[in-house]
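One-letter residues, chain by chain:
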Amino acid sequence: MKVTAVLLAAGQGVRMKSKVLKVLHPVCGKPMLAYALAVASSASTEKPVVVIGKDGEALRTFLGDAAVCVIQNPPLGTGHAVQQAEATLRGKTDLVLVTYADMPLLRPETVARLVETQKNNPGPITMLTVIAADPRGFGRVMRDQDGHVQAIVEEAAATPEQLSIQELNVGAYCFSAEWLWQALGRIPLSKKGEYYLTDTVELAVQTGLPVQALVSQDLAESIGINTRVHLAEAEAAMRARINRTHMLAGVTIVNPAATYIDPDVTIGMDTVIWPNTYLHGKTVIGAGCTIGPNTIADDTRIGDDCTILAAVMEKAVVEDNVSIGPFARLRKGAHLCKGVHMGNFGEVKDSTLGPGTKMGHFSYLGNASIAADVNIGAGTITCNYDGVHKNPTEIGEGAFIGSDTMLVAPVKIGAHAKTGAGAVVTKDVEADTLVVGVPARPIRKLNEAKK
Ligand code: UD1
Ligand code: CA
């Protein structure tokens, strides 16, 4: 059976008071449209159709070829919006799943149940409802004495008695396609000048066809975003859901209310996340790590058994058993190999620190390739930028860079070489050689015993 999702995103989102289209506002780092599309795709056998407005080109760009876009202009209501998909879908699908793109918390499992229920429904509609004390401006679900769904009444049109109904329309429906197309043409114009999709319920009931309602048990799922107050509410609910999933998978989150994890982040077992930690994008964290407090990681890969305290990391790679911080900054292309120690007030960019290398205090390493077991003394700086180019620095295995060394790139330090405190190294240093001074000069070879 063919199932096609139609996602409505043509509303103007005026209540957001924003220059950015409502459905592009992020929830836990991802536009709400991305969540809605993922859920729609999971339940579809065909490519989803997204209804966009005349100013929706940014949505088309965002969606790429993940969906077919159709334009609704002018926006005359949710029923009229679905009608815009008819030309694309007529005769090409058995069921049509309709959801709104401003509901990022809707779960794939729920939408799958909606589709399954409709497959067994002799009538043309299965809809999702929720029982809630706070009506949030949602449409109310009217049932008769026997509990059969009769209609959805929009808040603006409801009587005081109808307003007290606690069963609400979430805004996810599965329709039998052929019935839907003919029903859309029969929706009456509302007092507000819109064609409400919700009126299809009454149209079905009037012709003796049953409407099924699936009652959601998860209140958060029904959060639809109309204002920035709802946006914050959705963000908190999504954060709680993400954190809970990690905790149930064996991650300790000391204070979930102060831990901010994007949906695509992965974390290994027995890792402990301290408060005020932000894990963004496609960050991957291994097992047995201690992360935070006060740490930000963006698209960063961290291995097992690492300790990272008060660090800011972006597009970095950190292998196993590394300790970082407090107050460390890893910029793009930073790669710390196994067992590296990077202490306080350091910055690393586009550089690899080999296994076991130590960089204890106050150093900057940029465009550097550093071998294993090197000691970077306090205050070492790679002077990598000459005003025009970024120049490379290479340091060989086991080298000892004295405190306050300036490495004026391009420059190479040989294996097991040493620089004296305050050296300004402007020329390559051979292996096993001690250099000192400004500019640094070799003063002797180091034999094995002296090393
Ligand atoms: C809608 C439902 C209401 C439900 C609530 C749940 C209708 C008439 N009402 O109300 O019963 O309880 O959602 O959140 O459907 N859109 C278009 N074109 C339009 C109008 C809207 O594409 O002409 C899109 C919007 O971009 C949005 C979605 O449809 O993604 C819902 O529209 P919105 O105006 O937010 O409806 P609600 O007032 O929330
Ligand atoms: Ca809405």
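Residues numbered from 1 in each chain as written. Chains lettered and ligands numbered in written order. Predicted model: local features only at pLDDT ≥ 70, side-chain atom pairs only at ≥ 80, totals over all residues. Heavy atoms only, no water.

A. Looking closely at the packing of aromatic side chains. The full count for this structure, using the stated rule, is five aromatic pairs. Residues Phe345 and Phe362 carry aromatic rings whose centres are separated by 5.4 Å and whose planes lie at 10 degrees to one another, so their mutual orientation is stacked. Remark: Phe362 occurs in the loop between strand S30 (358–361) and strand S31 (364–366) and Phe345 occurs in the loop between strand S27 (341–344) and strand S28 (346–349); sequence separation between them is 17 residues. You can call Phe345 partly exposed: its relative accessible area is 45%. By the ring-pair criterion, three or more aromatic residues cluster together here, those being Tyr100, Tyr173 and Phe175. The positively charged end of Lys390 is found above the aromatic ring belonging to Tyr385, 5.3 Å away from the centroid. (Phe/Tyr/Trp six-rings, centres within 6.5 Å; stacked < 30°, edge-to-face > 60°. Helix = DSSP H or I, 4+ residues; strand = E, 2+ residues; numbered from the N terminus. Buried < 20%, exposed > 50% of the residue type's maximum accessible area, 1.4 Å probe, protein only. Lys NZ or Arg CZ within 6 Å of the ring centre and 35° of its normal.)

B. Geometry of the site of ligand 1. Around ligand 1, the structure places 23 residues, and the nearest of them are Gln72, Gly77, Tyr100, Glu154 and Asn169. Note that an oxygen atom of ligand 1 is positioned 2.7 Å from one of the backbone N or O atoms of Gly77. One of the side-chain nitrogen or oxygen atoms of Thr78 is found 2.8 Å away from an oxygen atom of ligand 1. Out of a free accessible area of 750 Å², ligand 1 has 89% covered by protein chains. When residues of the shell around ligand 1 are traced back to their parent elements, those giving at least two are strand S1 (3–9), helix H3 (78–83) and strand S10 (167–176). Here the shell around ligand 1 is composed, by residue class, of eleven nonpolar, eight polar and four charged. (Near = heavy atom within 4 Å. Polar contact = N/O pair within 3.5 Å; in protein donor to acceptor, adjacent residues only side chain to side chain. Areas by Shrake-Rupley, 256 points an atom, 1.4 Å probe, with all protein chains shown as cover. Nonpolar A, V, L, I, M, F, W, Y, C, P; charged D, E, K, R; others polar.)

C. How the structure looks around the coordination of the calcium ion (ligand 2). Summarising the metal site, the calcium ion (ligand 2) is bound by the protein donors Asp102 (OD) and Asn226 (OD1), whose distances to it range over 2.5 to 2.6 Å. With a gap of 124 residues between them, Asp102 in the loop between strand S6 (95–100) and helix H5 (108–119) and Asn226 in the loop between strand S11 (211–216) and helix H9 (228–248) connect regions that are remote in the sequence. Classification of Asn226 as buried rests on a relative accessible area of 16%. (Donors = N, O, S within 2.8 Å, 3.2 Å for Na, K, Ca; no water.)

D. How the structure looks around the pairing of strand S19 (residues 295–298). Only one face of S19 is covered, namely the one carrying Thr295 and Ala297; the face carrying Ile296 and Asp298 has none of its residues buried. Bridging between strand S16 (residues 277–280) and S19 involves four bridges; their strand directions are parallel. Bridge pairing links His280 to Asp298 in S19. Where S19 and strand S22 (residues 311–314) come together, three bridges link them in parallel fashion. By the bridge assignment for S22, Asp298 is matched with Glu314. (Pairing = 2+ DSSP bridges.)

E. Summary view of the nonpolar core. In terms of nonpolar packing, the biggest core is built from 125 residues, with Ile324 and Leu330 touching the most fellow members. No other element matches the eight residues that helix H1 (residues 32–43) contributes to this core. Discounting chain neighbours no more than four positions away, the residues touching Leu330 are Val312, Met313, Glu314, Ala316, Val318, Ile324, Leu336, Met342 and Val348. (Core = buried A, V, L, I, M, F, W, Y, C linked by side-chain atoms within 4.5 Å. Contact = heavy atoms within 4.5 Å.)

F. Representation of the environment of Ala378 within the structure. Relative to the elements of secondary structure, Ala378 occurs in the loop between strand S33 (375–376) and strand S34 (381–383). What makes Ala378 partly exposed here is its relative accessible area of 26%. Distance in space between the C-alpha atoms of Ala378 and Gly123 is 75 Å, their sequence separation being 255 residues. If we ignore the near neighbours within four places in the chain, the residues touching Ala378 are His361, Phe362, Ser363, Ser403 and Asp404.

G. Highlighting the environment of Arg244. Within the secondary structure, Arg244 is located in helix H9. Relative accessible area serves as the criterion here: at 53%, Arg244 is assigned to the exposed category. Along the backbone, Arg244 and Gln166 are 78 residues apart, and their C-alpha atoms lie at a distance of 28 Å.

H. Region of the structure containing the state of the cysteines. Scanning the model with the defined rule gives zero disulfides in all. Cys306 supplies the cysteine sulfur nearest to Cys289, a cysteine that is in no disulfide, at a spacing of 4.6 Å. (Disulfide = S-S within 2.5 Å.)

I. Representation of the pattern of salt bridges. Evaluated as defined, the whole model comprises 19 salt bridges. With a closest N to O distance of 3.0 Å, Arg107 and Asp218 form a salt bridge. With Arg107 in the loop between S6 and H5 and Asp218 in the loop between S11 and H9, this pair connects stretches of sequence that are 111 residues apart. The partly exposed category is assigned to Arg107, whose relative accessible area is 28%. (Salt bridge = Lys/Arg side-chain N within 4 Å of Asp/Glu carboxyl O.)

J. Representation of the sheet that holds strand S21 (residues 307–308) in the model. Strand order across the open sheet formed by twelve strands is S12-S15-S18-S21-S24-S27-S30-S33-S36-S39-S41-S42, with mixed pairing between neighbours. Single-partner strands in this sheet number two, and they are strand S12 (252–253) and strand S42 (441–445). Examined bridge by bridge, strand S41 (residues 433–436) and S42 share four bridges and lie antiparallel to one another. Among the inter-strand pairings, Val435 is bridged to a residue of S42, identified as Pro442.

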